Amino acid sequence: MKVSDILRVKGGTLYTVSPDQPLGDAARTMAEFDIGSLVVMDHGDLVGMLTFREVILAIVGNGGSVGNSTVRGVMDDHPLTCTPETEIDEVRRMMLERHARYMPVVSQRTLMGVISFYDVAKAVVDSQDFENRMLKAYIRDWPAAEDAQPQARL
């Protein structure tokens, strides 16, 4: 299974923010659309990732308010990325290593979408459920052996 399979199911809605945008505006966007991350874009290039983790750390560090913080000041400026062709097992490994909850999907510098750890986990579980159903159907429909000999009675 590949990242493109998740994107196909998930759809193409993307939420982005500018690095110079006030952090308060970005947090309001995240709350309004009930999303955990925003991709930070500058002149068409991906320059960072803003997640609820960075927002909370900025609020705590600023005494309980966003103050005059900008997205640039708190964003992850080296986010993990993958391509639509990346295997799900590789994405899962990368996200676990870096404790990343969100990963932008990029193809030739074009942002294709964002996948979350939830999306990856759901895809893995759905795949395993399908495989289990197929195995159970196969076992249930197991053909009887044609050359089976009757057992001798003693």
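Predicted model, so just to flag it, every value in this text is computed and none were measured.

K.L.:
Hey, could you run me through the pairing of strand β4 (residues 102-107) in this one?
P.N.:
Moving residue by residue along a regular strand, the side chains alternate between the two faces of the sheet. In this sheet, strand β5 (residues 110-116) lies alongside β4 in antiparallel orientation, the contact comprising six bridges. In the sheet register, V106 faces β5, and the bridge partner there is L111. Between β4 and β5, which follow one another and run antiparallel, lie two residues, and Q108 among them has a positive phi close to 50°.

K.L.:
I would appreciate a short explanation of the packing of helix α2 (residues 23-33) against helix α3 (residues 52-61) in the present structure.
P.N.:
It is at 11 Å that the axes of α2 and α3 come closest, and there the two elements cross at 135°. It follows that α2 is oblique to α3 by the angle criterion. Between α2 and α3 lies a crossing whose hand is left-handed. Contacts between α2 and α3 involve L23, A27 and M30 from the first element and F52, V55 and A58 from the second. Here the contact of α2 with α3 is built from residues that sort into six nonpolar, no polar and no charged.

K.L.:
Help me understand α2, please; the structure alone is not making it clear to me.
P.N.:
Since the α-helix turns once every 3.6 residues, residues separated by three or four places project in the same direction. Taken together, the buried positions of α2 are L23, G24, A26 and M30. Down the axis of α2, the buried side of the element spans an arc of 160°, and every buried residue falls inside it. Facing away from the buried side of α2 by more than 90 degrees, the exposed set consists of R28 and E32. Tucked inside the fold, the buried residues of α2 contact β1 (16-17), β2 (37-42), β3 (45-51), α3 and α4 (71-74). A positive phi of about 55° marks D34, the residue just after α2.

K.L.:
Quick question: what am I supposed to make of the side chain of S116 here?
P.N.:
With respect to the helices, strands and loops of the structure, S116 is situated in strand β5. What makes S116 buried here is its relative accessible area of 10%. In contact with S116, not counting residues within four places along its chain, are K10, M95, R101 and Y102.

Each value, and the rule that gives it
Residues numbered from 1 in each chain as written. Predicted model: local features only at pLDDT ≥ 70, side-chain atom pairs only at ≥ 80, totals over all residues. Heavy atoms only, no water. Pairing = 2+ DSSP bridges. Helix = DSSP H or I, 4+ residues; strand = E, 2+ residues; numbered from the N terminus. Axes fitted to C-alpha atoms, helices over the stretch in contact; angles between N-to-C directions. Parallel < 35°, antiparallel > 145°, perpendicular 65-115°, else oblique. Left-handed = near helix turned anticlockwise from the far one by under 90°. Contact = heavy atoms within 4.5 Å. Nonpolar A, V, L, I, M, F, W, Y, C, P; charged D, E, K, R; others polar. Buried < 20%, exposed > 50% of the residue type's maximum accessible area, 1.4 Å probe, protein only. Arc of directions from axis to C-beta.

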